[in-house]
Amino acid sequence: MSVRLLAALLAATSVVLTLCYPLAIWYGQGRVEPRWLALLLVLAAGARLPAMKASVAARWSVAGALLLAALTVMGNGMLPLKLYPVLVNAGLLAAFGYTLCTPVSMVERFARMREPDLPPAAVAYTRTVTKVWCGFFVVNGAIALCTALWASQEVWSLYNGVISYGLMGVLFAAEFLVRLRFKRLHHG
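Residues numbered from 1 in each chain as written. Predicted model: local features only at pLDDT ≥ 70, side-chain atom pairs only at ≥ 80, totals over all residues. Heavy atoms only, no water.

Brief notes about the pattern of salt bridges
For step 1, the next point in the chain: In this structure the tally under the stated criterion is three salt bridges.
For step 2, the next point in the chain: The partner of R35 in a salt bridge is E33, with the nearest N and O atoms 3.1 Å apart.
For step 3, the next point in the chain: Note on R35: relative accessible area 32%, which makes it partly exposed.
For step 4, the next point in the chain: Overall, the relative accessible area of 38% leaves E33 in the partly exposed class.
For step 5, the next point in the chain: One salt bridge connects R179 with E175, and the closest N-O pair in it is separated by 2.6 Å. (Salt bridge = Lys/Arg side-chain N within 4 Å of Asp/Glu carboxyl O. Buried < 20%, exposed > 50% of the residue type's maximum accessible area, 1.4 Å probe, protein only.)

Right, dumping it as C-alpha coordinates:
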(Lines give C-alpha, C1' and ligand atoms only; values in the text may rest on other atoms or scores of the structure.)
Protein backbone atom coordinates (compact mmCIF):
# COMPACT_ATOMS: atom_id res chain seq x y z
CA MET A 1 0.00 0.00 0.00
CA SER A 2 1.38 3.39 -0.96
CA VAL A 3 2.03 6.08 1.63
CA ARG A 4 -0.48 8.39 -0.07
CA LEU A 5 -3.22 5.76 0.00
CA LEU A 6 -2.54 5.01 3.66
CA ALA A 7 -2.65 8.73 4.50
CA ALA A 8 -5.96 9.07 2.60
CA LEU A 9 -7.42 6.06 4.42
CA LEU A 10 -6.35 7.46 7.79
CA ALA A 11 -7.82 10.87 6.92
CA ALA A 12 -11.12 9.23 5.93
CA THR A 13 -11.06 7.19 9.16
CA SER A 14 -10.53 10.39 11.15
CA VAL A 15 -13.52 12.05 9.46
CA VAL A 16 -15.77 9.01 10.02
CA LEU A 17 -14.71 8.74 13.67
CA THR A 18 -15.35 12.46 14.23
CA LEU A 19 -18.75 12.31 12.54
CA CYS A 20 -19.90 9.17 14.38
CA TYR A 21 -18.25 10.03 17.69
CA PRO A 22 -21.22 11.67 19.47
CA LEU A 23 -23.53 8.81 18.56
CA ALA A 24 -20.97 6.23 19.69
CA ILE A 25 -20.58 8.02 23.03
CA TRP A 26 -24.36 8.20 23.46
CA TYR A 27 -24.76 4.51 22.62
CA GLY A 28 -21.82 3.48 24.82
CA GLN A 29 -22.91 5.39 27.92
CA GLY A 30 -24.08 2.94 30.54
CA ARG A 31 -22.94 0.01 28.40
CA VAL A 32 -19.19 0.62 28.32
CA GLU A 33 -16.97 2.27 30.91
CA PRO A 34 -15.83 5.74 29.82
CA ARG A 35 -12.17 4.69 30.01
CA TRP A 36 -12.87 2.17 27.24
CA LEU A 37 -14.80 4.71 25.19
CA ALA A 38 -11.65 6.85 25.37
CA LEU A 39 -10.18 4.47 22.81
CA LEU A 40 -12.31 6.30 20.23
CA LEU A 41 -10.33 9.45 20.96
CA VAL A 42 -7.06 7.57 20.71
CA LEU A 43 -8.17 6.15 17.33
CA ALA A 44 -9.24 9.61 16.12
CA ALA A 45 -5.88 11.04 17.21
CA GLY A 46 -3.99 8.17 15.60
CA ALA A 47 -5.81 8.71 12.32
CA ARG A 48 -4.65 12.36 12.35
CA LEU A 49 -0.95 11.46 12.69
CA PRO A 50 -0.09 11.79 8.96
CA ALA A 51 -1.47 15.35 8.94
CA MET A 52 0.81 16.32 11.82
CA LYS A 53 3.77 16.99 9.50
CA ALA A 54 1.79 19.51 7.47
CA SER A 55 -0.31 21.24 10.08
CA VAL A 56 0.24 22.85 13.46
CA ALA A 57 -3.54 22.61 13.99
CA ALA A 58 -3.34 18.84 13.48
CA ARG A 59 -0.62 18.56 16.12
CA TRP A 60 -2.71 20.51 18.64
CA SER A 61 -5.79 18.48 17.71
CA VAL A 62 -3.97 15.21 18.32
CA ALA A 63 -2.51 16.48 21.60
CA GLY A 64 -5.93 17.67 22.75
CA ALA A 65 -7.62 14.38 21.88
CA LEU A 66 -4.93 12.43 23.71
CA LEU A 67 -5.25 14.72 26.74
CA LEU A 68 -9.03 14.18 26.82
CA ALA A 69 -8.48 10.42 26.48
CA ALA A 70 -5.96 10.46 29.34
CA LEU A 71 -8.33 12.45 31.57
CA THR A 72 -11.08 9.97 30.79
CA VAL A 73 -8.90 6.97 31.60
CA MET A 74 -7.72 8.52 34.87
CA GLY A 75 -11.14 9.65 36.10
CA ASN A 76 -13.36 7.19 34.22
CA GLY A 77 -15.84 10.05 33.65
CA MET A 78 -17.84 11.12 30.62
CA LEU A 79 -17.09 14.86 30.66
CA PRO A 80 -13.72 14.72 28.88
CA LEU A 81 -15.31 12.55 26.19
CA LYS A 82 -18.11 15.07 25.76
CA LEU A 83 -15.58 17.88 25.31
CA TYR A 84 -14.19 16.42 22.07
CA PRO A 85 -16.63 18.37 19.81
CA VAL A 86 -15.51 21.53 21.62
CA LEU A 87 -11.91 20.61 20.78
CA VAL A 88 -12.82 19.99 17.13
CA ASN A 89 -14.50 23.40 16.85
CA ALA A 90 -11.58 25.09 18.61
CA GLY A 91 -9.13 23.41 16.24
CA LEU A 92 -11.10 24.49 13.17
CA LEU A 93 -11.44 28.00 14.56
CA ALA A 94 -7.68 28.15 15.12
CA ALA A 95 -6.93 26.85 11.62
CA PHE A 96 -9.36 29.18 9.86
CA GLY A 97 -8.68 32.13 12.15
CA TYR A 98 -4.92 31.89 11.76
CA THR A 99 -5.26 32.29 7.99
CA LEU A 100 -6.99 35.64 8.54
CA CYS A 101 -3.59 36.87 9.77
CA THR A 102 -1.95 35.73 6.54
CA PRO A 103 -2.34 37.02 2.99
CA VAL A 104 -4.32 33.93 1.88
CA SER A 105 -7.40 32.94 3.90
CA MET A 106 -8.50 29.32 4.33
CA VAL A 107 -11.48 29.65 1.98
CA GLU A 108 -9.26 31.34 -0.61
CA ARG A 109 -6.94 28.32 -0.44
CA PHE A 110 -9.89 26.04 -1.15
CA ALA A 111 -11.14 28.33 -3.93
CA ARG A 112 -7.74 28.42 -5.63
CA MET A 113 -7.78 24.64 -5.93
CA ARG A 114 -10.62 25.03 -8.43
CA GLU A 115 -9.83 28.49 -9.81
CA PRO A 116 -6.15 29.45 -9.46
CA ASP A 117 -6.57 33.01 -10.80
CA LEU A 118 -9.05 34.68 -8.46
CA PRO A 119 -9.94 38.31 -9.11
CA PRO A 120 -9.52 40.77 -6.20
CA ALA A 121 -13.27 40.82 -5.50
CA ALA A 122 -13.25 37.03 -5.11
CA VAL A 123 -10.27 37.21 -2.75
CA ALA A 124 -12.17 39.68 -0.57
CA TYR A 125 -15.25 37.44 -0.71
CA THR A 126 -13.28 34.36 0.40
CA ARG A 127 -11.83 36.31 3.33
CA THR A 128 -15.37 37.25 4.39
CA VAL A 129 -16.50 33.63 4.10
CA THR A 130 -13.54 32.56 6.24
CA LYS A 131 -14.72 35.04 8.90
CA VAL A 132 -18.25 33.60 8.70
CA TRP A 133 -16.87 30.10 9.28
CA CYS A 134 -14.86 31.39 12.25
CA GLY A 135 -18.09 32.78 13.69
CA PHE A 136 -19.79 29.46 13.11
CA PHE A 137 -17.03 27.59 14.95
CA VAL A 138 -17.27 30.00 17.89
CA VAL A 139 -21.05 29.59 18.21
CA ASN A 140 -21.04 25.85 17.51
CA GLY A 141 -18.18 25.27 19.96
CA ALA A 142 -19.95 27.31 22.64
CA ILE A 143 -23.14 25.30 22.21
CA ALA A 144 -21.12 22.08 22.27
CA LEU A 145 -19.53 23.23 25.54
CA CYS A 146 -22.91 24.12 27.07
CA THR A 147 -24.36 20.73 26.10
CA ALA A 148 -21.32 18.97 27.56
CA LEU A 149 -21.55 20.83 30.86
CA TRP A 150 -25.27 21.22 31.44
CA ALA A 151 -27.39 19.12 29.07
CA SER A 152 -28.47 15.51 29.27
CA GLN A 153 -26.52 12.86 27.38
CA GLU A 154 -29.37 12.64 24.86
CA VAL A 155 -29.37 16.41 24.20
CA TRP A 156 -25.56 16.41 23.93
CA SER A 157 -25.68 13.56 21.40
CA LEU A 158 -28.56 15.09 19.44
CA TYR A 159 -26.85 18.45 19.12
CA ASN A 160 -23.28 17.25 18.53
CA GLY A 161 -24.20 14.22 16.42
CA VAL A 162 -27.08 15.59 14.34
CA ILE A 163 -28.01 19.24 14.73
CA SER A 164 -24.50 20.69 14.46
CA TYR A 165 -23.90 18.76 11.22
CA GLY A 166 -27.25 19.98 9.91
CA LEU A 167 -26.31 23.57 10.74
CA MET A 168 -22.98 23.08 9.00
CA GLY A 169 -24.82 21.77 5.94
CA VAL A 170 -27.16 24.77 5.98
CA LEU A 171 -24.15 27.11 6.13
CA PHE A 172 -22.48 25.26 3.23
CA ALA A 173 -25.68 25.46 1.16
CA ALA A 174 -26.30 29.13 1.98
CA GLU A 175 -22.72 30.05 1.13
CA PHE A 176 -22.98 28.11 -2.14
CA LEU A 177 -26.09 30.09 -3.13
CA VAL A 178 -24.46 33.39 -2.15
CA ARG A 179 -21.35 32.40 -4.12
CA LEU A 180 -23.45 31.70 -7.24
CA ARG A 181 -25.04 35.14 -6.93
CA PHE A 182 -21.62 36.73 -6.28
CA LYS A 183 -20.19 35.09 -9.42
CA ARG A 184 -23.18 36.18 -11.47
CA LEU A 185 -22.79 39.79 -10.30
CA HIS A 186 -18.99 39.94 -10.67
CA HIS A 187 -18.29 37.70 -13.66
CA GLY A 188 -21.34 38.20 -15.82
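Structural notes on the packing of helix α5 (residues 84-99) against helix α6 (residues 106-114)
For step 1, the next point in the chain: Two elements in contact, α5 and α6, have axes separated by 7 Å at closest approach and are oriented at 80 degrees. In this view, α5 runs roughly perpendicular relative to α6, as classed from their interaxial angle. Of the residues in α6, those in contact with A95, F96 and T99 of α5 are M106, V107, R109 and F110.
For step 2, the next point in the chain: Of the residues assigned to the contact of α5 with α6, the class counts are five nonpolar, one polar and one charged. (Axes fitted to C-alpha atoms, helices over the stretch in contact; angles between N-to-C directions. Helix = DSSP H or I, 4+ residues; strand = E, 2+ residues; numbered from the N terminus. Parallel < 35°, antiparallel > 145°, perpendicular 65-115°, else oblique. Contact = heavy atoms within 4.5 Å. Nonpolar A, V, L, I, M, F, W, Y, C, P; charged D, E, K, R; others polar.)

Looking at the nonpolar core
For step 1, the next point in the chain: Core analysis: the biggest nonpolar cluster contains 17 residues, and Y21, I25, L41, L81 and Y84 have the highest contact counts within it.
For step 2, the next point in the chain: Those elements that provide at least two residues to this core are α1 (3-28), α2 (34-47) and α3 (56-75).
For step 3, the next point in the chain: Of all the elements, α2 adds the most residues to this core, at five residues.
For step 4, the next point in the chain: Excluding anything up to four places from it in sequence, Y84 contacts T18, Y21, L41, A44, A65 and L68.
For step 5, the next point in the chain: Membership of the second largest hydrophobic core comes to 14 residues, among which are A122, W133, C134 and F136. (Core = buried A, V, L, I, M, F, W, Y, C linked by side-chain atoms within 4.5 Å.)

Observations regarding the UniProt feature "transmembrane region" (unreviewed entry) in the protein chain
For step 1, the next point in the chain: On the UniProt side, "transmembrane region" (unreviewed entry) is annotated at positions that read residues 36-51, 58-79, 91-111, 132-152 and 158-178 here.
For step 2, the next point in the chain: As a span, residues 58-79 carries 86% helix and 0% strand, and end to end its C-alpha atoms are 22 Å apart.
For step 3, the next point in the chain: Here residues 158-178 is 100% helix and 0% strand, with 29 Å between the C-alpha atoms at its ends. (UniProt positions renumbered as here; feature names shortened; annotations may be inferred.)

Looking at the packing of aromatic side chains
For step 1, the next point in the chain: The final tally for this structure, using the stated rule, is eight aromatic pairs.
For step 2, the next point in the chain: Ring geometry for W133 versus F172: centroids 4.9 Å apart, planes at 55 degrees, classification tilted. Of this pair, W133 sits in helix α7 (residues 120-150) while F172 sits in helix α8 (residues 153-187), and the two are 39 residues apart along the sequence.
For step 3, the next point in the chain: The ring of Y27 carries the charged tip of R31 above its face, separated from the ring centre by 4.2 Å. (Phe/Tyr/Trp six-rings, centres within 6.5 Å; stacked < 30°, edge-to-face > 60°. Lys NZ or Arg CZ within 6 Å of the ring centre and 35° of its normal.)

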